[in-house]
Amino acid sequence: MATAETTPTAAAGNPLDRVREALARLSNKQKVLLMVSIAAIIALLVAAGTLFRQNEFRILFSNISERDGGAIIAALEQMNVPYKFNDSGNAILVPW
């Protein structure tokens, strides 16, 4: 009586082997489409994270003279630090 021996396939083994086997079955066109799709998803996630991240501005200086304020603004611009003024215009705000 002959017993049927079954050899374990990659599908029953390591998940990495299963992925390799699945990729091997894809045509070159399908592989390119898969890579482009993955790149597009990553780009969308990065873009969404950048767009939805809100810079919270905090007070750097308040109640300062115009002369001091001008010097601070000049220094911030030289360092490429974004800034804005509060609603009443008496405080300089920078990202936190």
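Residues numbered from 1 in each chain as written. Predicted model: local features only at pLDDT ≥ 70, side-chain atom pairs only at ≥ 80, totals over all residues. Heavy atoms only, no water.

## Some points on the UniProt feature "transmembrane region" (unreviewed entry) in the protein chain
Note the threshold: UniProt positions are given in the numbering used here, feature names are shortened, and annotations may be inferred rather than shown by experiment. Helix and strand assignments follow DSSP, with helices taken as H or I runs no shorter than four residues and strands as E runs no shorter than two, numbered in order from the N terminus.
UniProt's feature table lists "transmembrane region" (unreviewed entry) at residues 32-52, given in the numbering used throughout. Across residues 32-52, the secondary structure splits into 100% helix and 0% strand, with the terminal C-alpha atoms separated by 30 Å.

## Description of the pattern of salt bridges
In plain terms, the rule: Basic side-chain nitrogens of Lys or Arg form a salt bridge, by our definition, when they fall within 4 Å of a carboxyl oxygen of Asp or Glu.
Evaluation of the coordinates by the stated rule reveals 3 salt bridges. Residue arginine 20 is joined to aspartate 17 by a salt bridge in which the shortest nitrogen-to-oxygen separation is 3.7 Å. On the criterion of helical spacing, the pair formed by arginine 20 and aspartate 17 is a turn pair, its members being 3 residues apart in helix H1 (residues 15-25). For glutamate 21, the salt bridge goes to arginine 25, with nearest N and O atoms at 3.8 Å. With a gap of 4 residues between them, glutamate 21 and arginine 25 both fall in helix H1, about one helical turn apart.

## Some remarks on unusual backbone geometry
Note the following rule: Accessible area is worked out with a 1.4 Å probe on protein chains only. A residue is then buried under 20% of its type maximum, exposed over 50%, and partly exposed in between.
In this model, asparagine 63 sits at a positive phi of 50°, which is unusual for a non-glycine residue. You can see asparagine 63 is positioned in the loop between strand E1 (57-62) and helix H3 (66-78). The exposed category is assigned to asparagine 63, whose relative accessible area is 65%. Even without being glycine, asparagine 80 reaches a positive phi, approximately 60°. With respect to the helices and strands, the residue asparagine 80 is situated in the loop between H3 and strand E2 (84-85). Classification of asparagine 80 by relative accessible area gives exposed; the value is 68%.

## Here's the deal with the pairing of strand E3 (residues 91-95)
The condition is simple: Any two strands between which DSSP finds at least two bridges are classified as paired.
In terms of residue burial, E3 counts as a mostly covered element, since 4 of its 5 residues are buried. Across 2 bridges, the pairing between E2 and E3 is antiparallel. Bridging from a neighbouring strand, phenylalanine 85 pairs with isoleucine 92 of E3. Here E2 folds back onto E3, and the loop between the two strands holds 5 residues, one of which, glycine 89, carries a positive phi near 80°.

## Regarding a nonpolar patch on the surface
Short version of the rule: Patches draw on residues past 30% relative accessible area with no salt bridge. Two like charges within 9 Å are joined, as are two nonpolar side chains (Val, Leu, Ile, Met, Phe, Trp, Tyr) within 5 Å. The method behind every accessible area is Shrake-Rupley, applied with a 1.4 Å probe, and residues are considered shielded solely by the protein chains displayed.
Judged by side-chain polarity, Leu16, Val19, Leu23, Leu34, Ile38, Ile42 and Val46 come together as a nonpolar surface patch covering roughly 590 Å² of accessible area. Looking at the nonpolar patch, the elements with two or more residues in it are H1 and helix H2 (28-52). No other element matches H2, which puts 4 residues into the nonpolar patch. Relative to the helices and strands, leucine 34 resides in helix H2.

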